[in-house]
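# Structural overview
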Amino acid sequence: MTSLSIDQPDKIKAGSTPDLFLDEAVTIADEILQRQAGASKGVPFWHGPSGYGTDLNPLQIERLGLHLYNGTTGIAFFLAALGQVTGKTEYSDISLRILEPLRRKLREMAGDKKKKKKK
């Protein structure tokens with residue numbers, strides 16, 4: 001992965017910055033996909049840290065949840081946006097697979113509300 005620092009201003013030039021950032025985003029996306037822990041029913045998942053590293057709340061590695069900030073929904077949004085910008089459908093396609101559990105949950109919640117209104 002390419003990293004930029006303040007002492008490397010020659011790498012950031014007018015006109016090349018968007019390409020540089022897009023190249024870096026593709027590199028990050030590819031690394032995220034390589035670090036996929038597995039798939040369950042065709043839905044990719046990852047593991048990540050949980051807890052604070054204290055005696056009361058020790059740091060543990062767990063499967064990521066559906067959270068936007070630190071879960072699979074955030075990964076899916078990043079990949080979907082990258083797919084849109086680059087035109088690479090593999091990023092868009094996997095983002096939809098990642099979001100399937102959330103989409104299923106939302107459909108269930110919508111169905112429950114409809115059932116409650118009928119009663």
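Whatever comes next refers back to the structure up there.
A quick note: this is a predicted structure, and the numbers were derived from the prediction, not measured. (Residues numbered from 1 in each chain as written. Predicted model: local features only at pLDDT ≥ 70, side-chain atom pairs only at ≥ 80, totals over all residues. Heavy atoms only, no water.)

Turning next to the overall build of the protein. Helix and strand counts for the protein stand at three helices and four strands. Split into buried and exposed, the 119 residues of the protein put 21% on the buried side. Restricting the contact set of the protein to residue pairs at least 6 apart, pairs at least 24 apart contribute 33%. Summed over its atoms, the accessible surface of the protein is roughly 9,000 Å², and 57% of this surface lies on carbon and sulfur atoms. (Helix = DSSP H or I, 4+ residues; strand = E, 2+ residues; numbered from the N terminus. Buried < 20%, exposed > 50% of the residue type's maximum accessible area, 1.4 Å probe, protein only. Contact = heavy atoms within 4.5 Å. Areas by Shrake-Rupley, 256 points an atom, 1.4 Å probe, with all protein chains shown as cover.)

Two numbers describe how helix α1 (residues 17-34) lies on helix α2 (residues 72-86): the axes approach to 11 Å, and their chain directions differ by 135 degrees. Overall, the two elements α1 and α2 adopt an arrangement that is oblique. α1 and α2 meet at a crossing whose hand is left-handed. On the side of α1, the interface is formed by Leu22, Ala25, Val26, Ile28, Ala29, Ile32 and Leu33, while α2 contributes Ile75, Phe78, Leu79, Leu82, Val85 and Thr86. Looking at side-chain class alone, the contact of α1 with α2 contains twelve nonpolar, one polar and no charged residues. (Axes fitted to C-alpha atoms, helices over the stretch in contact; angles between N-to-C directions. Parallel < 35°, antiparallel > 145°, perpendicular 65-115°, else oblique. Left-handed = near helix turned anticlockwise from the far one by under 90°. Nonpolar A, V, L, I, M, F, W, Y, C, P; charged D, E, K, R; others polar.)

Right, let's talk about the packing of aromatic side chains for a bit. Applying the stated criterion to the full structure yields zero aromatic pairs. Directly above the aromatic system of Phe45 lies the positively charged group of Arg63, at a separation of 3.8 Å from the ring centroid. (Phe/Tyr/Trp six-rings, centres within 6.5 Å; stacked < 30°, edge-to-face > 60°. Lys NZ or Arg CZ within 6 Å of the ring centre and 35° of its normal.)

A separate point is helix α3 (residues 89-118). With 30 residues, α3 should cover 44 Å at 1.5 Å per step; its first-to-last C-alpha distance of 41 Å lies within 8% of that length. Along its length, α3 reaches its greatest deviation from straightness, about 45 degrees, at Glu100, and the proline Pro101 lies no more than four positions downstream. In this fold, the buried residues of α3 make contact with α1, β2 (43-45) and α2. (Expected span 1.5 Å × (residues − 1). Bend = angle between axes of the 7 residues up to and from the residue.)

Listed in full, the twelve residues of the largest apolar core are Ala25, Val26, Ala29, Trp46, Ile75, Ala76, Leu79, Leu82, Tyr91, Ile94, Ile98 and Leu99. If you list the elements that add at least two residues to this core, you get α1, α2 and α3. Once you skip the residues sitting within four places of it in the chain, Ile98 turns out to touch Val43, Pro44, Trp46, Thr72, Ile75, Ala76 and Leu79. (Core = buried A, V, L, I, M, F, W, Y, C linked by side-chain atoms within 4.5 Å.)

Further remarks concern α1. Compared with an ideal rise of 1.5 Å per residue, which puts 18 residues at 26 Å, α1 spans 26 Å between its outermost C-alpha atoms and is within 8% of the ideal. Within α1, the full set of buried residues consists of Thr17, Glu24, Ala25, Val26 and Ala29.

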